[in-house]
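The chain contents come next:
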Amino acid sequence: MGTAKVLFIMADYGHDPTETAVPYAAFKLAGFEVQFATENGKAPECDKKMLRGITQKLLGATKLAVNAYDEMSKTTEFLQPVSWSSPDFSLDSYNLVFLPGGHEKGVRQVIDSPIIHKQLAQYFPATRKPSKKAVAAICHGVMVLSETLDADGKSIIHECDTTALPARFEQVAFWGTRAFLGDYYKTYGVGSDDVEVSVRKRLDNPAKQYKNSLSPSPFVVQEEKFNYLSGRFPNDAQLLAEKTIALVQSTLS
């Protein structure tokens with residue numbers, strides 16, 4: 001079995017540290033080769049509110065996740081990412097593309113990127129089984145896929161089973177913190193669609209395809225037709241990583 005190559009597609013700032021560092025640590029432990037990509041090759045930085053201060057203690061990453069992030073942030077691959085706006089950038093050589101989430105507005109750099117949309121529109125169809133390519137996404141990372149359209153104007157995951165950040169979770173976080181954090185928990189501002197609503201709109205049959213759980217217990221959805229897995233929020237990060245590792249290893253065996 002060859003060494004799996006993994007790419008984390010990142011904004012310059014704002015991704016959730018748990019949804020980034022926990023999968024990273026798991027992939028490295030599994031022996032995967034991991035790289036990061038940002039728009040211009042700048043070292044990314046995850047959401048400080050989830051890492052430090054009172055917001056971390058009340059709402060953010062656990063101590064273990066903070067430690068994992070601190071370790072990841074010192075690595076060469078994190079400090080020297082490739083540039084996804086480079087003319088010669090391609091996803092083709094990677095066995096896995098991983099899309100972390102995060103509600104900080106900086107993640108819109110990835111969600112709204114025409115360059116990333118073009119790259120994923122080429123890559124995702126190649127994950128149709130049987131294939132040695134895979135995609136995993138969590139929370140707002142799912143929106144990168146749902147907002148990427150194919151040649152027919154449909155989302156590249158229009159026929160897939162998926163989950164994403166539940167609207168209930170997003171609304172509770174927003175209204176529970178609005179008095180002191182404003183619209184921090186609304187990535188596109190007050191009045192914008194919840195992530196769940198945005199993703200559902202892109203599916204052929206959302207009532208059947210969109211899988212949801214309001215339990216805090218880990219929950220991951222694995223699509224049958226494509227090598228695609230999705231999770232909801234930080235509590236799912238470890239399980240998503242484990243299931244992704246198993247899937248990628250099975251495709252390379």
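Here the residue numbering is sequential within each chain, running from 1 through the sequence in written order. In keeping with the predicted nature of the model, local features appear solely for residues at pLDDT of at least 70, side-chain atom pairs appear and are counted solely at 80 or more, and the whole-chain, interface and lining totals rest on all residues. To get the side-chain values, take all heavy atoms of the structure and skip hydrogens and water.

(A) The arrangement of the packing of aromatic side chains in detail. Ring geometry is summarised as follows: Phe, Tyr and Trp rings, the Trp one being its six-membered ring, pair when their centres sit within 6.5 Å, and such pairs are stacked at plane angles under 30 degrees, edge-to-face over 60 and tilted between the two. Throughout the structure, instances matching the rule amount to 13 aromatic pairs. Ring geometry for phenylalanine 27 and phenylalanine 32: centres 5.9 Å apart, planes at 20 degrees, overall stacked. The exposure classification of phenylalanine 27 matches that of phenylalanine 32, with both residues buried. Judged by centre distance (5.1 Å) and plane angle (85 degrees), the ring pair of phenylalanine 36 and phenylalanine 78 falls under edge-to-face. In this pair, phenylalanine 36 sits in strand β2 (residues 33-38) while phenylalanine 78 sits in helix α4 (residues 76-79), placing the two residues 42 residues apart along the sequence. You'll find phenylalanine 36 and phenylalanine 78 in the same group, each marked buried. Every member of this aromatic cluster is reached through a ring pair, and the members are Phe8, Tyr24, Phe27, Phe32, Phe36, Tyr69, Phe78 and Phe98. Over the face of the ring belonging to tyrosine 184 we find lysine 49, whose NZ or CZ atom lies 5.2 Å from the ring centre. Only protein chains enter the accessibility calculation, which uses a 1.4 Å probe; a residue is then buried when its area is under 20% of its type maximum, exposed when over 50%, and partly exposed in between. Only runs of H or I of at least four residues qualify as helices and only runs of E of at least two qualify as strands under DSSP, and these elements are numbered from the N terminus. Counted as over-ring charges are cases with an Arg CZ or a Lys NZ within 6 Å of the ring centre that also lie within 35 degrees of the ring normal.

(B) Focus on the layout of surface pockets. Put simply, the largest pocket is a space of about 620 Å³. A pocket, in this scheme, is an open set of points on a 1 Å grid over the protein atoms alone with protein on both sides within 12 Å along at least 5 of 7 lines, while a cavity is a set where a 1.4 Å probe fits but cannot get out; residues line either one if an atom lies within 4 Å of a point. Lining the largest pocket are 28 residues, and of these Asp16, Leu59, Phe233, Pro234 and Asn235 lie nearest its centre. Ranked by residues supplied to the lining of the largest pocket, first place goes to helix α8 (residues 167-181) with six residues. The residue inventory of the lining of the largest pocket, partitioned by class, reads 17 nonpolar, eight polar and three charged. Grid points are joined across faces, edges and corners, and a volume is the space filled by probe spheres set on the points. Residue type decides the class: Asp, Glu, Lys and Arg count as charged, Ala, Val, Leu, Ile, Met, Phe, Trp, Tyr, Cys and Pro as nonpolar, and the leftover types, Gly among them, as polar.

(C) Representation of the pattern of salt bridges within the structure. A pair is scored as a salt bridge if a Lys or Arg side-chain nitrogen falls within 4 Å of a carboxyl oxygen belonging to Asp or Glu. Under the counting rule described, the total for this entry stands at 14 salt bridges. A salt bridge links glutamate 45 to lysine 48; the shortest N-O distance between them is 3.6 Å. Among the residues examined, glutamate 45 registers a relative accessible area of 33% and is labelled partly exposed. The network of salt bridges with common partners includes Glu170, Lys186 and Asp194.

(D) Local environment of the packing of helix α1 (residues 17-29) against helix α11 (residues 237-252). Helix axes use the C-alpha atoms of the stretch in contact, all axes being lines fitted to C-alpha atoms, and the angles between their N-to-C directions lie in the range 0 to 180 degrees. Running from N to C, α1 and α11 cross one another at 35 degrees; their axes reach a closest spacing of 9 Å. Here α1 runs over α11; the crossing is right-handed. Here α1 contributes Thr18, Glu19, Val22, Pro23, Ala26 and Phe27 to the contact with α11, which in turn contributes Ala237, Gln238, Ala241, Thr244 and Ile245. Looking at the contact of α1 with α11 residue by residue, the classes come out as seven nonpolar, three polar and one charged. Each helix crossing is assigned a hand: it is left-handed if the near helix lies turned anticlockwise from the far helix by less than a right angle, otherwise right-handed if that turn is clockwise. Whether two residues touch is decided by their heavy atoms; if any such pair falls within 4.5 Å, the residues are in contact.

(E) Representation of the nonpolar core. Counting 70 residues, the largest nonpolar core has Phe27, Leu145 and Tyr228 as the members making the most contacts within it. Examining the composition of this core, we find that seven residues originate from one element, α11, more than from any other. One finds Met50, Leu181, Tyr184 and Tyr185 within the second-largest nonpolar core, a separate group that totals five residues. Here, the term nonpolar core denotes a set of buried Ala, Val, Leu, Ile, Met, Phe, Trp, Tyr and Cys residues that are joined through side-chain atoms within 4.5 Å.

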